[in-house]
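Breakdown of the fold
If you want the building blocks of each chain, they are given just below.
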Amino acid sequence: MTSLKITDIRKSRCDKGFDLVTAIFLSRVGYDASGLKYLDEKSLMVLESATAQEEIPAIGVRSGDQYIRIRAKPDHGLMVGEEIRLNGM
């Protein structure tokens, strides 16, 4: 099971009316994800997926982290530090 942890949320400068959410992939063997919040991918758009070659402290990403950047509607209800799972992942 793949889960994500929100590391940064900010207003998008390019897409007015949307937030830019950064999340790192969590890899936990035997992890119980029953309490994770599921998000509807229809309200989100993945803009970037990468492995950090160096630390990016401004968005909470460390060197070697796999992360995604997501465009989300402002009423997404996400918080930094929250662990989530996208439907279909």
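The coordinates are above.
A brief look at the structure comes next. (Residues numbered from 1 in each chain as written. Predicted model: local features only at pLDDT ≥ 70, side-chain atom pairs only at ≥ 80, totals over all residues. Heavy atoms only, no water.)

**Examining the environment of isoleucine 24**
- Along the chain, isoleucine 24 turns up in strand E2 (residues 19-26).
- Residues isoleucine 24 and aspartate 65, spaced 41 residues apart in sequence, show a C-alpha to C-alpha distance of 6.5 Å.
- Ignoring anything within four residues of it in the chain, the contact list for isoleucine 24 reads Ser3, Leu4, Lys5, Thr7, Gly60, Val61, Asp65, Gln66 and Tyr67. (Helix = DSSP H or I, 4+ residues; strand = E, 2+ residues; numbered from the N terminus. Contact = heavy atoms within 4.5 Å.)

**Looking at the packing of aromatic side chains**
- According to the stated counting rule, one finds zero aromatic pairs in the structure shown.
- Sitting over the ring of phenylalanine 18, arginine 71 keeps its end group 3.9 Å from the ring centre. (Phe/Tyr/Trp six-rings, centres within 6.5 Å; stacked < 30°, edge-to-face > 60°. Lys NZ or Arg CZ within 6 Å of the ring centre and 35° of its normal.)

**Digging into the side chain of aspartate 65**
- As for its position among the elements, aspartate 65 is in the loop between strand E4 (44-51) and strand E5 (66-72).
- Among the polar contacts listed, one links the side chain of aspartate 65 to the backbone nitrogen of arginine 62, at a separation of 2.9 Å.
- Not counting the four nearest positions on each side in its chain, aspartate 65 is found in contact with Ile24, Ala50, Thr51, Ala52 and Gly60. (Polar contact = N/O pair within 3.5 Å; in protein donor to acceptor, adjacent residues only side chain to side chain.)

**Things to note about the nonpolar core**
- Counting ten residues, the largest nonpolar core consists of Leu4, Ile6, Val21, Ala23, Leu44, Ile68, Ile70, Ala72, Leu78 and Ile84.
- Elements with a contribution of two residues or more to this core: strand E1 (3-11), E2 and E5.
- It is E5 that provides the largest number of residues to this core, a total of three residues.
- Ranked by size, the runner-up nonpolar core spans six residues in total, among them Ile24, Leu26, Val61 and Tyr67. (Core = buried A, V, L, I, M, F, W, Y, C linked by side-chain atoms within 4.5 Å. Buried < 20%, exposed > 50% of the residue type's maximum accessible area, 1.4 Å probe, protein only.)

**Here we look at the environment of threonine 22**
- Mapping threonine 22 onto the fold places it in strand E2.
- When sequence neighbours within four positions are dropped, the list of residues in contact with threonine 22 reads Lys5, Ile6, Thr7, Asp8, Ile59, Val61, Tyr67, Ile68 and Arg69.
- Of note is the side chain of threonine 22, whose polar atom sits 3.0 Å from the side chain of arginine 69.

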